[in-house]
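What follows is each chain in one-letter form.
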Amino acid sequence: MKRYQLRIAGKAQEPAGLAWFETQNPYTGQTWAEIPRGDARDVDLAVQAAHQALTSGPWAEMTPTQRGASMRKLADLIERDASRLAAIEVRDNGKLLAEMQGQLNYLPQWFHYYGGLADKVQGSTLPLDKKGYFAFTRHEPVGVVAAITPWNSPLLLLGWKIAPALAAGCTVVVKPSEFTSASTLELAELFEAAGFPPGVFNVVTGFGTEVGTPLVEHPLVRKISFTGSDSTGRLINEAAGRHLKHASLELGGKSPNIVFEDADLEQAVSGAISGIFAATGQTCIAGSRLLVQDSIHDAFVDRLLAVARTARMGDPMDPSTQVGPVTTPLQYRKVLEYIDIARGEGATAILGGEKGTSPECGAGWFVQPTIFTGVRNHMRIAQEEVFGPVLSIIRFKDEADALRIANDVRFGLAAAVWTQDIGRAIRMSEKLQAGTVWVNTYRAISFMAPFGGYKDSGLGRENGADAIREYLQTKCVWINSGAATANPFVMR
Ligand code: NAD
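The structure presented is a predicted model; accordingly, all values stated were derived computationally and were not measured.

A. Quick look at the packing of aromatic side chains. Applying the stated criterion to the full structure yields 18 aromatic pairs. Considering the side-chain rings of Trp151 and Phe387, the 5.3 Å spacing of their centres and the 80 degrees angle between planes classify their relative orientation as edge-to-face. Placement of the pair is Trp151 in the loop between strand 7 (144-148) and helix 7 (154-168) and Phe387 in the loop between helix 15 (380-383) and strand 16 (390-396), with a sequence separation of 236 residues. With 3.9 Å between their ring centres and 0 degrees between their planes, Phe191 and Phe201 make a pair best called stacked. Within this pair, whereas Phe191 is found in helix 9 (residues 190-193), its partner Phe201 is found in strand 9 (residues 201-203), the two being separated by 10 residues in sequence. Take Phe191: its relative accessible area is 1%, and that puts it in the buried class. Aromatic rings pair up to connect Tyr106, Trp110, Tyr113, Tyr114, Trp160, Phe447 and Phe451 into one cluster. Over the aromatic face of Trp32 sits the side chain of Arg91, whose NZ or CZ is 5.0 Å from the ring centroid.

B. The site of the ligand, seen in detail. The full set close to the ligand counts 27 residues, and Glu178, Ser229, Thr232, Leu251 and Glu385 are the nearest of them. A distance of 3.2 Å separates an oxygen atom of the ligand from a polar atom in the backbone of Gly228. A distance of 2.8 Å separates an oxygen atom of the ligand from a polar side-chain atom of Thr232. Surface burial for the ligand is 88%, taken as the share of its 850 Å² of free accessible area covered by protein chains. Judged by its atoms lying within 2 Å of the grid points, the ligand is housed in the largest pocket. Put simply, the parts of the chain that give the shell around the ligand at least two residues each are helix 10 (208-217), strand 10 (221-227) and helix 11 (230-242). Sort the elements by how many residues they give to the shell around the ligand and helix 10 lands first, with three residues. Counting the residues that make up the shell around the ligand, at least three belong to each of domain 1 (2-251 + 457-476) and domain 2 (256-439).

C. Here's a closer look at the environment of Thr232. Considering the arrangement of structural elements, one finds Thr232 in helix 11. Between the C-alpha atom of Thr232 and that of Leu251, which follows or precedes it by 19 residues, the distance is 8.9 Å.

D. Structural detail: the packing of helix 16 (residues 399-407) against helix 17 (residues 422-431). Remark: helix 16 packs on helix 17, axes separated minimally by 11 Å, with the N-to-C direction vectors making an angle of 30 degrees. Here helix 17 runs roughly parallel to helix 16, going by the angle between their axes. Crossing of helix 16 against helix 17: the hand is right-handed. In this structure, helix 16 uses Glu399, Ala402, Leu403 and Asn407 to contact helix 17, whose residues at the interface are Arg424, Arg427, Met428 and Lys431.

E. Structural context of the side chain of Asn93. One can find Asn93 in helix 4 (residues 82-93). Among the residues examined, Asn93 registers a relative accessible area of 1% and is labelled buried. Here the side chain of Asn93 touches Lys95 through a polar contact of 3.2 Å, landing on its backbone nitrogen. A polar atom in the side chain of Asn93 sits 2.5 Å from the backbone oxygen of Trp151. Leave out the neighbours within four places in its chain, and Asn93 touches Pro26, Trp151, Asn152, Pro154, Thr180 and Thr327.

F. Summary view of the pattern of salt bridges. Using the criterion set out here, one finds 28 salt bridges in the structure. For Glu399, the salt bridge goes to Arg424, with nearest N and O atoms at 3.0 Å. Placement of the pair is Glu399 in helix 16 and Arg424 in helix 17, with a sequence separation of 25 residues. Residues Glu399 and Arg424 agree in their burial class; the two are buried. Between Arg427 and Glu399 there is a salt bridge; the shortest N-O distance is 2.8 Å. Within this pair, whereas Arg427 is found in helix 17, its partner Glu399 is found in helix 16, the two being separated by 28 residues in sequence. Residue classification places Glu399 among the buried residues on the basis of a relative accessible area of 17%. One network of salt bridges, with partners in common, ties together Lys2, Arg80, Asp81, Arg84 and Glu186.

G. Highlighting helix 4. Helix length check: helix 4, at 12 residues, gives a terminal C-alpha distance of 16 Å against a target of 16 Å (1.5 Å per residue), a fit within 8%. Restricting attention to buried positions, one finds in helix 4 the residues Ala82, Leu85, Ala86, Ile88, Glu89, Val90, Asp92 and Asn93. Looking at the buried positions of helix 4, the neighbouring elements they touch are strand 4 (20-24), strand 5 (31-36), helix 3 (64-80), helix 5 (97-106), helix 7 and helix 8 (182-188). In the stretch just after helix 4, Gly94 is the one whose phi turns positive, near 85 degrees.

H. Structural view of the pairing of strand 16. With six of seven residues buried, strand 16 lies mostly within the body of the structure. Bridge count for strand 13 (residues 289-293) against strand 16 is five bridges, and the pairing is parallel. Bridging from a neighbouring strand, Leu290 pairs with Ile393 of strand 16. Bridge analysis of strand 15 (residues 370-373) against strand 16 gives three bridges, and the strand direction is parallel.

I. Spatial organisation of the sheet that holds strand 13. Taken in spatial order, the seven strands line up as 14-15-16-13-12-18-19 in an open sheet, and their pairing is mixed. The sheet is open, and its two borders are formed by strand 14 (348-351) and strand 19 (436-439), each paired with just one other strand. Recorded for the sheet is a direction-independent mean angle of 25 degrees between the axes of neighbouring strands. Pairing analysis gives three bridges linking strand 14 to strand 15, with the strands arranged antiparallel. Opposite Thr348, over in strand 15, you have Thr373 as the bridge partner. The strands that helix 12 (residues 265-276) touches are strand 12 (256-259), strand 13, strand 16 and strand 18 (414-418); relative to strand 12, the one it contacts most, it runs at about 165 degrees.

J. Focus on the sheet that holds strand 5. Pairing is mixed across the open sheet formed by three strands, whose spatial order is 1-5-4. Looking at strand neighbours, the two that pair on one side only are strand 1 (2-3) and strand 4, the edges of this open sheet. Note: strand 4 against strand 5, five bridges, orientation antiparallel. In the strand pairing of strand 5, Glu22 is matched with Glu34.

The rules behind the values
- Residues numbered from 1 in each chain as written.
- Predicted model: local features only at pLDDT ≥ 70, side-chain atom pairs only at ≥ 80, totals over all residues.
- Heavy atoms only, no water.
- Phe/Tyr/Trp six-rings, centres within 6.5 Å; stacked < 30°, edge-to-face > 60°.
- Helix = DSSP H or I, 4+ residues; strand = E, 2+ residues; numbered from the N terminus.
- Buried < 20%, exposed > 50% of the residue type's maximum accessible area, 1.4 Å probe, protein only.
- Lys NZ or Arg CZ within 6 Å of the ring centre and 35° of its normal.
- Near = heavy atom within 4 Å.
- Polar contact = N/O pair within 3.5 Å; in protein donor to acceptor, adjacent residues only side chain to side chain.
- Areas by Shrake-Rupley, 256 points an atom, 1.4 Å probe, with all protein chains shown as cover.
- 1 Å grid on protein atoms, 1.4 Å probe; cavity = no way out; pocket = protein on both sides within 12 Å on 5 of 7 lines; lining within 4 Å.
- Sits in = over half its atoms within 2 Å of the grid points.
- Domains from an automatic or database assignment.
- Axes fitted to C-alpha atoms, helices over the stretch in contact; angles between N-to-C directions.
- Parallel < 35°, antiparallel > 145°, perpendicular 65-115°, else oblique.
- Left-handed = near helix turned anticlockwise from the far one by under 90°.
- Contact = heavy atoms within 4.5 Å.
- Salt bridge = Lys/Arg side-chain N within 4 Å of Asp/Glu carboxyl O.
- Expected span 1.5 Å × (residues − 1).
- Pairing = 2+ DSSP bridges.

Here's what the structure looks like:
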């Protein structure tokens, strides 16, 4: 069994408490590695290392162009190791190999894109209203960044944070999810080979209260970049407020996937399936509320059912598998509980609704792909994030009704509209309260496309050129170019 170490100041390091915890393979239920159980002492060491790298030594001296070159080298190393990292994630997380290979092949683009941006951050000279002064702005790294990630797509979501953070010149301490720490520790080994000085990228693994809390509260951490549940996000934002730190939060969702009667129904069926059964529904952007127009409801549900029935559960390493296990036993129980809640609320399971126990499911934590009809938007199954392969279908009458239902939820991460009517697509995209709106597609993301939540789905944006601003702070420099000495008792 592999025993991992923390990664601090460019070195593998034992946790101060000399404690490890086990991590399991969700398909076999077997323990396959031991993860260091860090605590506040390890957090302090890592933050001190990050602070030192930020303020003195080679990273602080590197030009933005040199930082960009290291980022591009890192991209190449990730590309080289994509299959190895993908296989580790499948073992630890249960995600399909095909999905992970796709994510790992794509991840280098974040480092190419932000690596290219590193030396294009420009300040400005100010056309001042005062004579005898010259003033300009500089955009400087905000400081040590705490990057806290969830278990569902550990490396991709980490890349969304660290690529702009490193481009901005920050240093980073990462706390990955206790359920899926291995891939982040493996990634950490590539940084020095890419030319990053020790201390620029550090990883402290462990639990939320033992590592996450001291990291968020550490006085030398200036920015917290968090992806996870809204309940943890609230705690982090409170702590950030108490300690006056910058925080960006990527939280949960309950995204409406809206099918109008004029949609290309084959495409819409594929979009509905991709919205809820891809990644076993364990994505923040899951299209977990499928809104279907009354006039096509029954026919559409029949077509959807015909395809959803064929979804193959099984070994995530097998390329023919379409739905893998749920990642953690805790999440497995939560998803099953929500299925009971939906039944109790009067929704009808027209597909699935049980544990997956067929031979292909092995000893894994499988939940059958599940579809509920007869869901009303006020039900808990329509309002709360399940984070599993459970779809709620809700009827609507017309555009106004669709909008009312779609927006009647506290989340606002994503939404999709299926229609051939361009006017309707534009009207809906204007009025949907979500950070991402897809028209006739679902689950499309890019390093160039800003991503983040409205309402309870978060604060701040990741991806796109502006995301680098989340890791910069602006300084204004004033230079007196006049000879006269001013009256010291009057504001200049
Ligand atoms: P979580 O909130 O339980 O944990 C996220 C991370 O926070 C973990 O590393 C955890 O150890 C850490 N943590 C827990 N308590 C903490 C504390 N008190 N202080 C500091 N850190 C703490 O979330 P999860 O179950 O790992 O992930 C699933 C959630 O993430 C879902 O709600 C999902 O929608 C959301 N998510 C959002 C996005 C997005 O981009 N908006 C992407 C993926 C997942």
